[in-house]
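Secondary and tertiary structure notes
So the chains spell out like this:
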Amino acid sequence: MNRALALAALALTVVAGVGAVAEKRSGYLDAGPQTRAMQDDDTANPAFLWVQRGETMWGERPAGADGRSCQDCHGDAAQAMRGVAARQPAWDAATARLMNLEQRIDRCREERQGQPRLPPESEGRLALAAFVGLQSRGLPMSVAVDGPAAAGHAWGKALFETRFGQLDLSCADCHDRQAGQRLAGNVIPQGHPNGYPIYRLEWQGMGSLSRRLRNCMTGIRAEPFAPGSPDALALELYLAGRARGLAVETPAVRP
Amino acid sequence: MLLSAPMPRAAAAEPVVPFRAAGDGIPAPLAGLAGDPARGRRIVADRQVGTCLLCHSGPIPEERFQGTIGPDLAGVGSRLTAAQIRLRIVDPRRLNPETIMPAYHSIAGRSRVGAAWQGRPILDAQQVEDAVAFLATLRDPS
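Computed from a predicted model, the values in this text were never measured in an experiment.

Observations regarding the sheet that holds strand β9 (residues 253–254) of chain A
Residue and element names in this part refer to chain A. In space, the 3 strands of this open sheet follow the order β8-β7-β9, with mixed pairing throughout. Each having just a single partner strand, β8 (205–207) and β9 make up the two edges of the open sheet. Inspection of the sheet shows strand β7 (residues 198–200) paired to β9 by 2 bridges, in the parallel sense. Pairing of Arg200 across the sheet is with Arg254, part of β9.

A look at unusual backbone geometry
All names here are of chain A. The amide bond that connects Tyr196 to the next residue, Pro197, takes the cis arrangement and shows omega of -5 degrees. Counting through the fold element by element, Pro197 comes out in the loop between β6 (186–187) and β7. With omega at -5 degrees, the peptide bond leading from Thr250 into Pro251 counts as cis. By the secondary structure assignment, Pro251 is in the loop between α11 (230–242) and β9. Although it is not a glycine, Ala184 sits at a positive phi angle of roughly 50 degrees. With respect to the secondary-structure elements, Ala184 resides in the loop between β5 (182–183) and β6.

Re the interface of chain A and chain B
With 23 residues of chain A in contact, the opposing surface of chain B contributes 28 residues. Carbon and sulfur atoms make up 51% of the area that chain A and chain B hide from each other, which totals about 2,100 Å². At the junction of chain A and chain B, the tally comes to 2 salt bridges. The closest approach of N and O atoms between Arg110 of chain B and Asp168 of chain A, which form a salt bridge, is 3.6 Å. One can count 14 residue pairs in polar contact (both at pLDDT 80 or more) joining chain A with chain B. The class makeup of the residues in the side of chain A that touches chain B is 10 nonpolar, 6 polar and 7 charged.

Looking at the packing of helix α6 (residues 101–112) of chain A against helix α7 (residues 123–134) of chain A
Pairs of packed helices are described in terms of their axes, by the angle between the two and the distance that separates them. All names here are of chain A. Packing of α6 against α7 leaves a shortest axis separation of 10 Å and a crossing angle of 110 degrees. Between α6 and α7, the crossing angle belongs to the class labelled roughly perpendicular. By crossing handedness, the relation of α6 to α7 is classed as right-handed. Residue-level contacts link Leu101, Glu102, Gln103, Ile105, Asp106 and Arg109 of α6 to Arg125, Leu128, Ala129, Val132 and Gly133 of α7.

Cut-off values and rules
- Residues numbered from 1 in each chain as written.
- Chains lettered and ligands numbered in written order.
- Predicted model: local features only at pLDDT ≥ 70, side-chain atom pairs only at ≥ 80, totals over all residues.
- Heavy atoms only, no water.
- Pairing = 2+ DSSP bridges.
- Helix = DSSP H or I, 4+ residues; strand = E, 2+ residues; numbered from the N terminus.
- Contact = heavy atoms within 4.5 Å.
- Buried area = accessible area lost by both parts, 1.4 Å probe.
- Salt bridge = Lys/Arg side-chain N within 4 Å of Asp/Glu carboxyl O.
- Polar contact = N/O pair within 3.5 Å; in protein donor to acceptor, adjacent residues only side chain to side chain.
- Nonpolar A, V, L, I, M, F, W, Y, C, P; charged D, E, K, R; others polar.
- Axes fitted to C-alpha atoms, helices over the stretch in contact; angles between N-to-C directions.
- Parallel < 35°, antiparallel > 145°, perpendicular 65-115°, else oblique.
- Left-handed = near helix turned anticlockwise from the far one by under 90°.

Below is the structure:
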């Protein structure tokens, strides 16, 4: 991460209505120095194996005479996809629902390329999401939480503040009220989604935000939200809104 | 048909035993059980069983990773009576509805509990008594 990005890991934001200045803090700053060093250097960041695969997929034409690659329709990813990940999830007027980045890529592959669906957490789906996400690196998280997204955002906030599972804890219990404290050995981060998909050392692999949320839900012995469900999208939207102003770090490295 | 009716299973049918709070404690051991401090130490130390060290630190040096959310449990047996410790484990939200510490011997008000844990409190009555017995031994040196 360059200097400007490191600074953007902290975003000073005026909390509407209160006038108080709350400091948003990327999980990057709560990771250890070795983890941060891996993220800072693209040649040391294992996630770049997925990025490279995604870049290849971007240019691949599906079989068939009229098969078009992502590149054929969108052109240069650095321009066409710049800022796209920073705005997700977003309201999709055509289907009248919230969609995240992976779902938008799914739609292009299935409906515009006639390709089979890439399963959640498959290497190819993570690779495309990492490659597209990288094109927003350094830009501020800037999801829309008003207009048609407002209802989902409000629902996501309610989910964030509801206690779940046998341990009866809410996301807010840990990520709003105890951020910076240690949960056993781990520093509790504020829980921002600005680096996804991430390379997680504990997974020894790449994973989506949905996989990270499943970990937090099973940690409190709760039934995770089904990936891609309206509940999951509402929660992802609330998280993205909470992180507005933080720099996109995709693909981040986390412990 | 009477013959095909399932046999009642005592333990599973009563996962949470009733208790009576007095003041800020529960004076009587749950189900009249006696706690064992050595077992209680293992329960408190185990991240998967007691889960206590997720949030607390305590005089359990072999567990390197301890939490900083709740107070240090060292000396808690000097600060609190067994009755007070029991209520703080069974249902701390009676004392402070906002506390992050879950009610360990209750299934009330839970939602989206994962299938493996449904209908079960985090600790059964014996485990609560064991943990109480262990914490009561944590006295300030003086």
